[in-house]
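Secondary and tertiary structure notes
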Number of protein chains: 4
Amino acid sequence: MVGGGKGSFIGPIHRMAIRMDDLADLVDGCYSHADDWRAMLERCRGKADFISICTPNDSHYEIAKAALEYGFDVMCEKPLSMSLAEATELERLARRKRRVLGIPFTYSGYPMVKLARDLIARGELGKIDKVVLEYQQGSFRKIDFSKPLDKRNAWKMNPKKSGPSCVVADIGVHGFHLIEHVTGLQVKEVIADLSSFAPGNRLDDDASMLLRLSGGAKASFVVSKVATGEENGVRLRVYGDKASLFWNQEENNYLSVKYPFEPERIYKRKAPYIGEVSEASVALSRIPAGHHEGFIEAFANIYREFCAAVRDRRAHDFPGPREGVRTMRFVEAALRSSSNGNRWEKV
Amino acid sequence: MVGGGKGSFIGPIHRMAIRMDDLADLVDGCYSHADDWRAMLERCRGKADFISICTPNDSHYEIAKAALEYGFDVMCEKPLSMSLAEATELERLARRKRRVLGIPFTYSGYPMVKLARDLIARGELGKIDKVVLEYQQGSFRKIDFSKPLDKRNAWKMNPKKSGPSCVVADIGVHGFHLIEHVTGLQVKEVIADLSSFAPGNRLDDDASMLLRLSGGAKASFVVSKVATGEENGVRLRVYGDKASLFWNQEENNYLSVKYPFEPERIYKRKAPYIGEVSEASVALSRIPAGHHEGFIEAFANIYREFCAAVRDRRAHDFPGPREGVRTMRFVEAALRSSSNGNRWEKV
Amino acid sequence: MVGGGKGSFIGPIHRMAIRMDDLADLVDGCYSHADDWRAMLERCRGKADFISICTPNDSHYEIAKAALEYGFDVMCEKPLSMSLAEATELERLARRKRRVLGIPFTYSGYPMVKLARDLIARGELGKIDKVVLEYQQGSFRKIDFSKPLDKRNAWKMNPKKSGPSCVVADIGVHGFHLIEHVTGLQVKEVIADLSSFAPGNRLDDDASMLLRLSGGAKASFVVSKVATGEENGVRLRVYGDKASLFWNQEENNYLSVKYPFEPERIYKRKAPYIGEVSEASVALSRIPAGHHEGFIEAFANIYREFCAAVRDRRAHDFPGPREGVRTMRFVEAALRSSSNGNRWEKV
Amino acid sequence: MVGGGKGSFIGPIHRMAIRMDDLADLVDGCYSHADDWRAMLERCRGKADFISICTPNDSHYEIAKAALEYGFDVMCEKPLSMSLAEATELERLARRKRRVLGIPFTYSGYPMVKLARDLIARGELGKIDKVVLEYQQGSFRKIDFSKPLDKRNAWKMNPKKSGPSCVVADIGVHGFHLIEHVTGLQVKEVIADLSSFAPGNRLDDDASMLLRLSGGAKASFVVSKVATGEENGVRLRVYGDKASLFWNQEENNYLSVKYPFEPERIYKRKAPYIGEVSEASVALSRIPAGHHEGFIEAFANIYREFCAAVRDRRAHDFPGPREGVRTMRFVEAALRSSSNGNRWEKV
């Protein structure tokens with residue numbers, strides 16, 4: 001593991017996620033700037049199967065590139081890189097080296113998100129016309145930007161470390177991936193209106209966006225770090241011409257599906273429904289309905305599929321280089337739209 | 001009363017709302033095309049205090065104009081007219097004739113919406129940065145457009161009867177008014193992406209919009225009649241730099257307020273809170289907290305304020321010509337934006 | 001109308017409920033102690049169709065009796081009387097005089113309660129095994145019993161005015177009626193553990209009860225006025241061997257139904273479901289799904305059925321003398337059980 | 001580990017809970033009847049620090065006793081034993097041998113349950129008057145008792161394996177422990193009305209109970225395995241004379257607290273509230289508010305405290321022999337009450 005040391009939010013998550021299903025042992029780590037990650041890669045040759053990268057954004061590309069070249073499989077935190085060009089290069093490199101490259105877009109690891117994807121894939125909602133996605137955090141309202149920031153936040157507000165976008169690259173990519181993953185559609189164009197509302201913040205901390213998707217669907221997409229009082233409000237609504245669905249991350253064990261002439265249906269994680277529902281969703285659940293699973297389990301689900309691919313060298317159901325490139329393409333399009341008078345920009 | 005006869009949705013609401021508080025007696029009515037509303041206006045001279053107009057949109061202007069000229073006060077259904085020009089003319093006429101003109105933007109009659117407005121007005125949320133409003137209906141998914149439509153729906157899909165917009169003019173104006181009423185800010189610009197998703201529908205039935213408001217606030221505004229499975233999903237989120245609020249029409253007796261470092265607060269209609277909350281909100285409540293009030297009560301609240309103005313010829317707290325003009329200005333700006341490549345258009 | 005004057009909670013509700021559907025005009029009233037209700041009854045002969053009694057409990061019997069003897073139909077607030085003996089006498093009198101006697105057990109007027117009753121009646125839940133009912137109010141936590149009580153509360157804490165029970169007679173009867181109305185079963189036996197938790201309160205303000213119902217079903221029944229922070233928490237759960245249902249008065253427009261192997265279903269008031277649901281439920285709804293109806297509408301529904309009976313002298317669907325007797329029978333059994341060491345007592 | 005092999009529900013939970021925080025390694029296991037657990041204990045001498053017992057109820061006592069005598073610390077599934085006498089003996093043995101004995105009453109491991117306990121302990125709710133606890137499962141409605149039962153269920157319905165009670169011993173003990181843990185009060189007496197509703201089930205599958213607690217508080221306590229459609233509905237309401245709280249296991253990351261004259265407060269797991277809240281609650285949280293933790297994390301919290309005690313031989317915050325004895329005392333009192341005409345029985 002590179003990064004994810006003391007004070008890191010995501011490092012412990014990776015470790016708990018890996019341990020939960022006993023998927024792998026942590027054989028070596030390079031947790032701070034003082035350590036030399038190249039030396040660690042060298043040390044791990046033949047000993048480690050894959051490298052997990054939990055560093056700030058600006059080193060993802062360099063470390064992932066080196067690790068792939070060393071022949072390691074790689075799980076790299078999002079966003080995959082600082083630019084689309086870098087992401088594209090990593091995608092090519094992974095393909096050329098036949099290495100597994102995973103990116104923990106965690107929401108796709110939730111059982112009810114998987115159920116949502118599968119219901120749509122088999123036509124339960126009909127043709128998708130509209131998507132509404134909110135990803136609302138209020139974290140920047142808890143920070144006094146006039147004082148030195150703590151380590152966990154400092155790099156996210158520093159363009160050199162986090163890249164040209166803060167909110168879109170940090171959590172917008174999660175939302176974007178969630179939309180494409182669940183609907184199976186591609187985002188074609190975006191109008192983005194980015195703002196920096198938090199005083200003292202130089203990067204975007206709020207974005208209101210309109211999307212156009214393949215097949216004629218449209219979307220409203222809101223993402224924010226200044227949504228005062230929100231913790232992690234990810235709310236996804238997908239409207240097809242036959243039915244709609246609603247998933248709220250803060251009640252992640254449930255999925256609501258509504259038909260025009262029937263009572264609303266609340267699906268529950270791993271409940272033993274009769275008839276075809278979603279094997280993939282059930283397979284991602286560890287414990288019976290009624291008890292709750294959450295973020296660590298979802299994260300572990302991404303790792304479980306990733307480790308399966310590491311083991312058997314075949315495709316499994318987790319986000320990889322393609323998703324890394326798509327999300328970076330989106331980040332750059334959103335930035336262009338916002339600086340070009342909020343015009344449509346191709347993704 | 002003109003319109004609101006058999007098969008009308010809104011006519012009975014007007015009558016129940018008026019009766020609830022014993023505000024007025026219905027002295028005469030002209031409920032169908034066969035009747036002559038001019039003859040009724042003539043008959044009612046000196047007998048009726050005000051006229052309620054519940055007809056399809058295309059006759060609002062003509063009837064309201066005549067009623068004002070006859071010297072009646074008028075409660076006219078939204079949208080006030082087919083065009084901004086007509087709305088502006090009615091506003092001037094009402095002012096010149098010193099007549100009371102009310103428009104039932106019902107949401108502003110809900111006690112918890114009034115509380116939201118008052119909390120914001122006295123600075124509880126701080127400076128408003130962001131608004132997210134959804135108004136989601138799935139009604140057009142229940143209609144088979146290939147068959148003759150029933151009376152209640154037919155005119156709404158007919159541009160001659162409903163005007164150049166369906167979803168924006170029919171429910172978008174409610175959302176727009178709700179935003180301006182609650183925040184106290186003005187919508188300055190709009191980007192609108194209108195669609196007609198329901199097969200056979202000629203007018204807009206879905207709109208994704210971005211707004212810019214006075215004071216630098218921004219908004220995401222979604223309105224739809226093809227949101228399959230939704231009944232009347234009006235969900236308003238307002239984010240200030242000190243706190244945020246959330247109101248969901250489908251749980252209209254509650255208002256959620258969130259501060260960065262405090263537990264979420266759920267305010268309840270007419271609960272006996274200590275300290276300054278909102279006299280206006282409490283005054284709009286008829287029964288104690290715990291029991292529910294709903295749409296008819298909210299409607300009656302609009303009428304109560306309107307009737308107070310009819311009686312004492314002073315300003316009261318209900319939507320009037322100014323709001324009628326603002327909403328028509330918005331409808332026209334949204335239509336322009338959508339046909340001009342989704343550019344910003346001034347409201 | 002007798003009682004229900006200034007400061008009354010329930011008087012204005014009766015009047016709004018009657019006006020909402022234009023069911024009757026208020027022709028005369030006797031709103032305070034100073035007035036002579038016998039004189040009013042005399043005055044109203046031939047002019048009024050029915051008398052509404054909104055006085056404190058201790059005069060229900062006397063006034064209802066007189067009104068029935070005068071030949072009026074009567075709507076009398078709950079509890080019908082101070083004792084089972086009085087209730088039984090009123091029931092006989094109403095039968096003998098062929099008069100309509102209604103009691104506003106309001107919860108049976110809610111559309112979703114009616115849907116619950118109808119789903120059970122046609123076997124959707126299978127054989128009913130278990131009922132859990134909570135009726136939680138915290139009103140007594142808002143009162144300082146060391147000071148003189150306001151008019152609305154004073155008589156409820158005075159055994160001479162309210163009868164030998166406070167919480168069971170005041171709101172317990174609502175819960176009891178709700179159980180019997182929805183399940184169609186009879187409560188056969190009760191164990192009651194009554195308490196007086198509010199300092200200075202002489203009567204029961206909290207009751208934990210176990211019930212046995214006809215057909216072998218059992219129930220847990222909790223009713224309280226010292227449930228701090230609760231407003232009017234009426235929560236009903238009915239478990240059959242095929243399905244269960246849940247109705248929460250504070251979200252009264254919804255009804256949840258759960259089957260073992262299907263997603264939870266959320267039924268909504270007046271939603272246009274396909275197939276047989278409940279005509280009675282739809283008939284009690286005034287406005288479309290998505291908008292809310294509440295307490296006043298439920299109350300008006302009781303009056304609507306009552307007035308239909310007044311008009312056409314046939315049975316309609318509202319609580320009457322039978323329910324008045326049943327509830328008084330229950331109050332007395334609960335009091336006996338609590339004073340007899342919490343033994344089973346027959347209802 | 002003894003038990004918890006293939007087909008076990010709880011075995012994998014123990015293992016995931018232990019691994020999550022890297023608390024211990026699994027050194028040996030005896031997962032089936034074919035294996036000899038005494039041989040395993042022998043093998044593990046000097047190699048294992050503690051033994052986890054996940055077998056059916058009838059062997060808890062025997063294995064725990066042997067393990068304690070071998071000098072191991074023990075984590076034993078609930079109920080601790082088949083009888084109060086056995087539980088008392090194990091308690092004495094653990095004390096004499098100075099061994100750590102833990103019992104995973106999982107609900108006390110949830111961060112918001114810990115917050116509830118701490119709020120009550122420091123007087124936020126005032127004097128506790130009333131507790132309402134439901135523990136509703138519908139699992140027995142998913143079983144066809146006329147066919148051979150699967151391994152996970154078979155022993156629970158077999159008195160020889162599960163003991164004289166099914167629902168009270170299996171999940172009632174969780175509820176009982178939750179009440180005593182959160183309120184800090186002792187249950188003094190119980191009236192229990194047990195039923196066997198599921199056709200073919202010989203043991204109790206439903207219990208309606210009344211409790212009396214130290215300090216004069218009372219409780220209503222419902223526990224069921226025939227609550228059709230429920231998954232794991234644990235709902236706890238505690239009413240004090242100053243405030244009340246509500247915790248719903250199916251939304252376990254939240255805790256509602258209500259005061260008479262203030263908006264309802266929704267506390268969220270690990271949210272950074274200002275002022276004294278609950279260090280213990282925050283310490284049991286791994287990830288920030290907004291993301292969800294669930295059952296496995298709660299289980300891991302019990303293990304974390306248990307392992308701390310194993311390590312440093314001091315008291316930590318987890319359920320142990322005292323709780324094991326209390327719960328068995330309760331099971332026996334409830335059975336006595338139900339067979340003695342539902343009289344009060346001392347706990």
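Throughout what follows, the structure given in this document is the object of discussion. (Residues numbered from 1 in each chain as written. Chains lettered and ligands numbered in written order. Predicted model: local features only at pLDDT ≥ 70, side-chain atom pairs only at ≥ 80, totals over all residues. Heavy atoms only, no water.)

Least-squares fitting of chain A to chain B yields an RMSD of 0.0 Å, with the superposition described by an axial translation of 0.0 Å and a rotation of 180 degrees. Taken together, these values place the two copies in the relation of a two-fold axis. Here 100% of the interface residues in chain A have copies in chain B that are interface residues too; the copies meet face to matching face. (Least-squares fit on C-alpha atoms with pLDDT ≥ 70 in both. Contact = heavy atoms within 4.5 Å.)

The next subject is the environment of Arg329 of chain B. Residue and element names in this part refer to chain B. Here Arg329 is to be found in helix α11 (residues 321–339). Among the residues examined, Arg329 registers a relative accessible area of 33% and is labelled partly exposed. Taking the C-alpha atoms as reference, Arg329 lies 27 Å from Cys307; in sequence the two are 22 residues apart. Dropping the residues within four chain positions of it, Arg329 is found in contact with Leu84 and Val347. (Helix = DSSP H or I, 4+ residues; strand = E, 2+ residues; numbered from the N terminus. Buried < 20%, exposed > 50% of the residue type's maximum accessible area, 1.4 Å probe, protein only.)

You'll often see interface size given as the accessible area lost when the parts meet. Counting residues at the interface gives 43 residues for chain A, matched by 43 residues for chain B. Summed over both partners, the interface of chain A with chain B buries about 3,400 Å², with 51% contributed by carbon and sulfur atoms. Across the contact surface, chain A and chain B share 13 salt bridges. Measuring nitrogen to oxygen at the nearest pair gives 2.9 Å for the salt bridge that ties Asp206 of chain A to Lys130 of chain B. Summed over the shared surface of chain A and chain B, the result is 27 residue pairs in polar contact (both at pLDDT 80 or more). Secondary structure elements with two or more residues in the side of chain A that touches chain B: β5 (128–136), β6 (187–195), β7 (206–213), β8 (218–224) and β9 (233–240) of chain A. The element that contributes the greatest number of residues to the side of chain A that touches chain B is β7 of chain A, accounting for six residues. A per-class count over the side of chain A that touches chain B returns 17 nonpolar, eleven polar and 15 charged. (Buried area = accessible area lost by both parts, 1.4 Å probe. Salt bridge = Lys/Arg side-chain N within 4 Å of Asp/Glu carboxyl O. Polar contact = N/O pair within 3.5 Å; in protein donor to acceptor, adjacent residues only side chain to side chain. Nonpolar A, V, L, I, M, F, W, Y, C, P; charged D, E, K, R; others polar.)

Time to look at the environment of Leu90 of chain B. All names here are of chain B. You can see Leu90 is positioned in helix α4 (residues 84–97). It is 7.3 Å that separates the C-alpha atoms of Leu90 and Pro321, two residues lying 231 residues apart in sequence. Leaving out residues up to four positions away in the same chain, Leu90 has contacts with Tyr61, Ala64, Lys65, Leu68, Leu80 and Leu101.

The linkage connecting Lys78 of chain C with the following residue, Pro79 of chain C, adopts the cis geometry, with an omega of -10 degrees. Residue placement: Pro79 of chain C occurs in the loop between β3 (73–76) and α4 (84–97). Backbone geometry at Lys270 of chain A places phi at a positive 60 degrees, although glycine is not the residue there. Turning to its location among the elements, Lys270 of chain A is positioned in the loop between β12 (264–268) and α9 (279–283). Taking relative accessible area as the criterion, Lys270 of chain A reaches 31% and is therefore assigned partly exposed. Even without being a glycine, Asn342 of chain C presents a positive backbone phi close to 60 degrees. Summarising the element assignment, Asn342 of chain C is placed in the loop between α11 (321–339) and β13 (345–346).

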